[in-house]
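Listed here are the chains, written in short residue letters.
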Amino acid sequence: MHQVKQHSLPRVPLKARDADEAHRGATQLELLFDLVAVIAIAAATHEFRHAISSGHGAHGLVQFLMVFFMIWWPWQQYTWFSSSFDNDDIVQRLSVMVMMVGFMGIAASVPLVFSGEEHGSLLMSYAVMRVVQVLLWRWVAADNPEHRATANRYSAYLGLTFCYWMGLNAWTPSAPDLWQACVLVGFAMELAVPLLANGTKRTPWHRGHIVERYGLMMIITLGEVLLYSVEALRLAVGDPGNLAVLPLALGGCVIAFALWTLYFTGEGHLESSGFWPVFCWSYGHFLVFVAVAGIGTGLGVSIDALGAPSHGEGAIHAGHLTISVPVGLAVAGLWLVRDRAQLSASGHGLMLGLALLIAWS
């Protein structure tokens, strides 16, 4: 683990880190940040599971993707920020902890979002994290003349997105379709920020640190799959006559272990430091992470279907589909972020064909 010297001053300069620093690893604060993010992801998968089990899968999918983006995007933005600028003083620690409170607010808002009652608390929680990141970039601009232009652009564009979310929260269109369209516009604005803010002077992110951070998120997201496998195993142990859930428990373990093996191979991640390869790698991980989280949801739906035979074959089929499609998407996501640049022409077809076959199985 990377250890940073403690400072006696409440505010020290937030200088750029060395991109070639040896033995750079995730800090304990970053690990706690990940944990709180995964709590929010768990809340989203839980509600998505119940939406599918109650026959509202299409509506639940829209809400799940929206909530997942609002978790993943601040996580990703802070991960890249901390790889370039991290002094671990009291001010930065408090700033990150405020963002964790934002994740907790999102987690608490998830049931209201899925029920369609209101989105205000979700948007406010998300906006809290955007404000913190604006302040962090202002701090970078003040302490790093060589990165001032980039930091100023980041803070300006993030400030605009914050104003947009606050305006949307104040307006709240009555038509659900219009509101969802406005949310998509906001997401497009968010995704455009790094494209617009990065100039010729790139921030000094550390390749090893970034790869480790994404790998850690992959591991704890796979933990969601194993958690649902434990739930299925618990049902099998508690009711020895209910052997139908046992293959589900074992299958969840096999899927989690297989995806772990596929992700952590000898082939390195982020081999190129070019802007577009990095862009594709980082943004493409949304597909990987949301698919893995969706696998856990599918296991939960299958558990509900097997636990209530009155739901019929349709519920069991929905559970199987909610497992196979995310697994296929996860494999396709791995092709997008890593193997696309490393496989031969036949390898591309084989991996994408495997993803399609899994999704349709």
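The structure this text deals with has already been given above.
Residues numbered from 1 in each chain as written. Predicted model: local features only at pLDDT ≥ 70, side-chain atom pairs only at ≥ 80, totals over all residues. Heavy atoms only, no water.

> Just to check I follow, could you spell out the overall build of the protein for this structure?
Per the secondary structure count, the protein includes 11 helices and zero strands. Counting from the amino terminus, helix and strand elements in the protein follow one another as α-α-α-α-α-α-α-α-α-α-α. In terms of overall size, the protein behaves like a compact globule, its C-alpha atoms giving a radius of gyration of 21 Å where 361 residues would be expected to give roughly 21 Å. Along the first, second and third principal axes, the C-alpha atoms of the protein reach 65 × 50 × 40 Å. Split into buried and exposed, the 361 residues of the protein put 51% on the buried side. Contacts in the protein between residues at least 24 apart in sequence constitute 81% of all its contacts with a sequence separation of at least 6. Of the roughly 15800 Å² of accessible surface on the protein, a fraction of 70% belongs to carbon and sulfur atoms. Mean positive and mean negative side-chain charge positions of the protein (18 and 24 charges, respectively) differ by 12 Å. (Helix = DSSP H or I, 4+ residues; strand = E, 2+ residues; numbered from the N terminus. Rg over C-alpha atoms; globule rule 2.2 N^0.38 Å. Buried < 20%, exposed > 50% of the residue type's maximum accessible area, 1.4 Å probe, protein only. Contact = heavy atoms within 4.5 Å. Areas by Shrake-Rupley, 256 points an atom, 1.4 Å probe, with all protein chains shown as cover. Lys, Arg positive; Asp, Glu negative; His and termini not counted. Charge placed at Lys NZ, Arg CZ, Asp CG, Glu CD.)

> Explanation requested: a nonpolar patch on the surface in the structure shown.
Residues Leu 233, Val 237, Leu 243, Leu 246 and Leu 250 make up a contiguous nonpolar surface patch of about 470 Å² in total accessible area. If you list the elements that add at least two residues to the nonpolar patch, you get helix H7 (207-238) and helix H8 (245-263). Considering the arrangement of structural elements, one finds Leu 246 in helix H8. (Patch = residues over 30% accessible without salt bridge, like charges linked within 9 Å, V, L, I, M, F, W, Y side chains within 5 Å. Salt bridge = Lys/Arg side-chain N within 4 Å of Asp/Glu carboxyl O.)

> Help me understand the side chain of Arg 49 in this model?
Along the chain, the position of Arg 49 falls in helix H1 (residues 28-53). Setting aside residues up to four positions removed in sequence, Arg 49 forms contacts with Tyr 228, Glu 231, Thr 297, Gly 300, Val 301, Ile 303 and Asp 304.

> How should I be thinking about the state of the cysteines in this particular structure?
The tally for this structure, following the rule as stated, stands at zero disulfides. Free cysteine: Cys 163, not disulfide-bonded; nearest cysteine sulfur from Cys 182 at 16 Å. (Disulfide = S-S within 2.5 Å.)

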